[in-house]
Each structure stands twice: as C-alpha cells, then as structure tokens.
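Observations on chain architecture
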Amino acid sequence: MTTVVIQSLVKRYGATTAVDGISLQIEHGEFISLLGPSGCGKTTTLRCLAGFETIDEGRILFDGRDVAGLPPEERDIGMVFQSYALFPHMTVAGNLAFGLEMRRLRQAEIDRRVRAVLDLVQLGGLGARYPRELSGGQQQRVALARALVIEPKILLLDEPLANLDATLRDEMRTFIRDLQKRVGISTLYVTHDQAEAMTMSDRVVVMFGGRIAQAASPEVVYDMPASAAVARFVGQANVVPGVVGVRADGLPAIHSPVGLLPLPLGLQLAIGTRLSVVARPQAIGLSAARAANSASADGAAAGGVAANIAARYFHGAFIDYRVAVGGQMLSVQAPAPARHQAGDEVQLGFDAARLWAVEAA
Ligand SMILES: Nc1ncnc2c1ncn2[C@@H]1O[C@H](COP(=O)(O)OP(=O)(O)OP(=O)(O)O)[C@@H](O)[C@H]1O
Ligand SMILES: [Mg+2]
C-alpha cells in the first residue's frame with residue numbers, strides 16, 4: 001500500500017494551464033474518483049502521477065519519497081489510458097505479459113497470472129488475438145487487465161469502463177472495487193459517470209479549470225456541495241437564489257422567487273445574507289393543490305408553495321417532474337407511479353433537513 005501526496009501541482013502546456021495548483025493526499029488503499037467537465041485536467045493529473053509529464057511546479061510523493069525524475073516503469077503504477085493504448089503488434093497475452101517480463105518474473109508465474117487476469121475480465125479464450133481483432137469494450141478490458149496483472153501499488157484509471165454495456169460495466173465496477181480493497185491498491189479513478197463515482201469511491205474530487213472545487217466523501221459532495229457549480233455537476237440540483245429573512249411568525253426563512261423556503265438545518269445565517277439554495281430533486285415534495293376555500297392566506301407559512309406541473313418524464317422507478325414556480329423551473333423526483341399530470345396545480349414542500357445553501361451564484 002502506498003500513500004500518494006500531491007502538493008501544489010502545476011502543469012502547463014504552452015499558454016494552457018492544464019493543472020493549476022492542486023493538492024491532494026491519497027491514503028493507503030483509498031479509492032478516489034476525479035470528476036469534472038471535459039478539459040478540466042483529469043488526464044493531465046494522472047499523467048503527472050504516472051511520470052509521463054514533467055511537472056512545472058509542486059511535488060509528488062509516494063510514501064514520502066519525491067518521485068521527480070523517476071521514470072514511469074519505476075513508479076509501480078498500473079494505468080488504464082482513456083484511449084486504451086494497447087501495444088498493437090502484440091497479442092492480448094503479449095500485452096498482459098509485457099509488464100511482468102519487465103519485472104523479470106518466471107515464465108510459469110507470468111503464464112499463470114495472465115490466464116487468471118484474462119478470466120477475471122472474461123476474455124479467457126482471446127489471449128492469442130491482436131488488439132485490432134477485438135471490439136472496443138474488449139480492448140478496454142485488456143487495458144484494465146494489463147494494469148491489474150502487475151499488482152501495482154497505485155492504480156490510475158482513466159474512464160476504464162466507458163465502452164462497456166450496462167451489465168458488464170456493473171460487473172467490472174464490482175470487480176475493480178473488490179480487487180482494489182482486497183489488494184489495498186491506492187486508486188485514482190477518472191469518470192464522467194457521477195453515479196459510478198459515488199458508488200465506488202471513498203472520496204470524490206470535483207475539478208474545474210485545473211483546480212479542485214471540492215474533495216470529500218460522496219455523501220458530503222452530494223448533500224453539502226461546496227458551490228453551485230459542484231451541486232450542478234454532481235447529480236441534478238435546483239439552485240435558487242435567496243435572502244435570509246423572517247416569516248410572518250418571526251422564525252427565520254429564506255425569501256426566494258419560489259416563495260419562502262425553510263432555512264437548511266444546521267446552518268447559522270445572519271438576516272440579510274444572500275445565498276443560493278440547493279435543493280436536490282428528491283428534497284422537494286409534491287402534493288395536489290388544496291381547494292381554494294381551505295387554502296391558507298400565507299401558503300408558504302403553512303409549508304406549501306403553489307406551483308404548476310410543466311412536464312413529466314417516466315424513468316421507471318421514479319417520475320421526473322418539471323415544475324414551474326415564480327419564474328423558475330424546478331426538477332422534482334417522486335416515486336412512480338405518476339400522480340400528477342402536465343398542467344396540474346400542485347403544492348411544493350421543501351424539506352429543511354435536505355436543503356443546503358451555498359454562496360450566492
Ligand atoms: N499535450 C498537450 N498539449 C497541449 N495542451 C494539452 C495537452 N494535453 C492536454 N492539454 C490541454 O490541457 C487541458 C486539460 O486536458 P486533460 O486531458 O487533462 O483534460 P480532461 O479533464 O482529461 O478532459 P476529458 O474529460 O475530455 O478527457 C485541456 O485544455 C487540454 O486541451
Ligand atoms: Mg481525459
């Protein structure tokens with residue numbers, strides 16, 4: 001097991017600063033996902049760790065040792081590149097054996113490990129094929145097998161499951177996670193798939209423009225995003241501008257275009273603070289609009305906000321509603337079956353325990 005420390009890492013390509021001062025520690029056996037939009041510096045970060053780039057500023061330490069100047073083959077890293085990068089002139093088995101031959105393992109041991117890892121990625125019969133004779137998903141699994149077969153201390157995976165179908169992807173996820181935990185490989189995993197990042201990771205690191213916007217457990221990143229941008233990037237989020245004020249009964253509340261919202265639990269905010277309220281689609285409840293004669297004069301004080309269903313989308317397990325209120329369009333998810341139709345008047349309920357607030361956007 002290895003601890004990886006990244007200190008104030010900067011990597012420039014000409015005028016482009018691909019990585020702009022990131023600091024991160026990957027603990028022994030920790031699984032960290034890097035999430036962020038295209039071009040935010042994920043691959044560059046991995047390449048710096050692997051030793052394929054000379055860094056412009058900062059330091060990278062493996063178990064306390066500065067790895068500057070250490071070539072990739074001496075870093076004990078398994079890496080899956082975004083583009084697979086298999087050796088085209090070698091068979092599948094040759095690709096897998098390569099790293100082991102470099103490490104001067106005995107032939108019998110090499111054969112045993114190659115067979116075992118091929119079975120693991122369900123490519124048992126294909127050892128004699130060349131990469132060009134494989135599908136994209138099969139090439140991807142060979143790339144993964146090649147990274148794993150050397151049993152590295154550090155695993156750097158750049159979208160390793162992007163070309164697999166849903167079932168195989170699911171199996172490979174479990175497989176990577178189990179192996180990673182069993183062997184205790186410190187892992188940095190790049191993915192565009194937020195659900196994948198959340199289910200697999202000990203910590204999720206969200207990057208924008210070469211910088212870390214937040215590094216925390218999946219729960220914290222989802223429930224307590226550091227900014228509106230993080231909230232929007234990780235899962236669906238309604239982000240509503242507001243100002244902290246008081247309700248008619250004197251209790252604090254947030255004045256917003258969608259009505260009075262409860263103060264997120266646990267947040268101490270001074271009256272007059274401008275902020276953005278983050279409400280996940282599951283944090284908002286929908287109920288049928290009350291009849292006019294029973295409606296309270298102050299709907300918000302009674303805990304409901306009048307709104308209109310603009311559209312609804314069936315997702316199988318849940319219904320995704322678009323709800324128009326106060327000039328905003330909110331996304332609200334409720335368990336199937338659908339109980340409201342487009343055009344219906346509804347009441348929204350905001351759950352204070354599931355709201356969050358970030359700096360005004
Ligand atoms: N060899 C290079 N020369 C010049 N610019 C580069 C080079 N490699 C990457 N960049 C630039 O550095 C920035 C970060 O690129 P990087 O490949 O790290 O992004 P990424 O987060 O992996 O994106 P994606 O999700 O699309 O793979 C981008 O602006 C990219 O154009
Ligand atoms: Mg990339």
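Residues numbered from 1 in each chain as written. Chains lettered and ligands numbered in written order. Predicted model: local features only at pLDDT ≥ 70, side-chain atom pairs only at ≥ 80, totals over all residues. Heavy atoms only, no water.

Thoughts on the overall build of the protein chain
- Counting secondary structure elements, the protein chain contains eight helices and 20 strands.
- In terms of principal-axis extent, the alpha carbons of the protein chain reach across some 85 × 45 × 35 Å.
- Looking at the 361 residues of the protein chain, the share that counts as buried comes to 48%.
- Put simply, of all contacts in the protein chain between residues at least 6 apart along the chain, 65% involve residues at least 24 apart.
- A total accessible area of about 16,600 Å² is found for the protein chain, and carbon and sulfur atoms account for 52% of it.
- Taken as two groups, the 34 positive and 35 negative side-chain charges of the protein chain have centres that lie 2 Å from each other. (Helix = DSSP H or I, 4+ residues; strand = E, 2+ residues; numbered from the N terminus. Buried < 20%, exposed > 50% of the residue type's maximum accessible area, 1.4 Å probe, protein only. Contact = heavy atoms within 4.5 Å. Areas by Shrake-Rupley, 256 points an atom, 1.4 Å probe, with all protein chains shown as cover. Lys, Arg positive; Asp, Glu negative; His and termini not counted. Charge placed at Lys NZ, Arg CZ, Asp CG, Glu CD.)

Here's the deal with unusual backbone geometry
- The step from Ala 336 to Pro 337 runs through a cis peptide bond, and the omega angle for that step is 0 degrees.
- Assignment of secondary structure puts Pro 337 in the loop between β18 (328–335) and β19 (345–350).
- In this model, Glu 151 sits at a positive phi of 45 degrees, which is unusual for a non-glycine residue.
- Mapping Glu 151 onto the fold places it in the loop between α4 (136–149) and β7 (154–158).

Re the site of ligand 1
- Close to ligand 1 lie Tyr 13, Thr 16, Ala 18, Ser 38, Gly 39, Cys 40, Gly 41, Lys 42, Thr 43, Thr 44, Gln 82 and His 192.
- Contact distances for ligand 1 include 2.8 Å between an oxygen atom and a side-chain N or O atom of Lys 42.
- In the environment of ligand 1, an oxygen atom lies 2.5 Å from a nitrogen or oxygen atom belonging to the side chain of Thr 44.
- Residue assignment for the shell around ligand 1 shows that the elements contributing at least two residues are β2 (16–26) and α1 (42–50).
- Of the residues forming the shell around ligand 1, the biggest block, three residues, is contributed by α1.
- Here the residues of the shell around ligand 1 are counted per class, giving three nonpolar, eight polar and one charged. (Near = heavy atom within 4 Å. Polar contact = N/O pair within 3.5 Å; in protein donor to acceptor, adjacent residues only side chain to side chain. Nonpolar A, V, L, I, M, F, W, Y, C, P; charged D, E, K, R; others polar.)

Some remarks on the domain arrangement of the protein chain
- Split by domain assignment, the protein chain resolves into domain 1 (4–228) and domain 2 (236–359).
- Using C-alpha coordinates to define each centre, domain 1 is positioned 40 Å away from domain 2.
- Taken together, the contacts link eight residues of domain 1 with six residues of domain 2.
- Each partner contributes to the roughly 610 Å² buried at the junction of domain 1 and domain 2, and carbon and sulfur atoms together form 59% of this total.
- Area buried by domain 1 at its contact with domain 2 is led by Tyr 222, Pro 225 and Ala 228, which between them contribute 70% of it.
- Counting across the domain 1 and domain 2 interface gives zero salt bridges.
- Per-element tally for the side of domain 1 that touches domain 2: the top contributor is helix α7 (residues 218–223), with three residues. (Domains from an automatic or database assignment. Buried area = accessible area lost by both parts, 1.4 Å probe. Salt bridge = Lys/Arg side-chain N within 4 Å of Asp/Glu carboxyl O.)

Some remarks on helix α3 (residues 107–120)
- In a regular helix each residue adds 1.5 Å, so 14 residues correspond to 20 Å; α3 covers 20 Å between its end C-alpha atoms and thus fits that length.
- All of the buried residues in α3 are Glu 109, Ile 110, Arg 113, Val 114, Val 117 and Leu 118. With its buried residues spanning 160 degrees around the axis, α3 presents them on a single face. Along α3, the residues that are exposed and aim more than 90 degrees away from the buried face are Ala 108, Arg 115 and Asp 119. (Expected span 1.5 Å × (residues − 1). Arc of directions from axis to C-beta.)

Remarks on the packing of aromatic side chains
- A complete count under the given rule lists four aromatic pairs for this structure.
- Both rings, one in Phe 31 and one in Tyr 189, keep their centres 5.3 Å apart while their planes meet at 40 degrees; by these two values the pair is tilted. Taken together, the positions of Phe 31 in strand β3 (residues 31–35) and Tyr 189 in strand β8 (residues 186–190) put the pair 158 residues apart, joining distant regions of the chain.
- Seen from their ring centres, Phe 87 and Phe 98 are 4.9 Å apart, and the 65 degrees between their planes marks the pair as edge-to-face. Remark: Phe 98 occurs in helix α2 (residues 92–102) and Phe 87 occurs in the loop between β6 (77–80) and α2; sequence separation between them is eleven residues. (Phe/Tyr/Trp six-rings, centres within 6.5 Å; stacked < 30°, edge-to-face > 60°.)

Section: the side chain of Thr 2
- Tracing the backbone shows Thr 2 in the segment before β1 (4–13).
- With near-sequence residues (within four places) excluded, Thr 2 lies in contact with Ile 26, Glu 27, His 28, Gly 29, Phe 62, Asp 63, Lys 153, Ile 154 and Ser 186.

Let's talk about the nonpolar core
- In this structure, Leu 96, Leu 144, Met 172 and Ile 176 are the most contacted members of the largest nonpolar core, which totals 36 residues.
- Elements represented by at least two residues in this core include exactly α2, α3, α4, β7 and α5 (166–183).
- Those residues in contact with Met 172, other than ones at most four positions away along the chain, are Val 121, Arg 141, Leu 144, Leu 161 and Leu 164. (Core = buried A, V, L, I, M, F, W, Y, C linked by side-chain atoms within 4.5 Å.)

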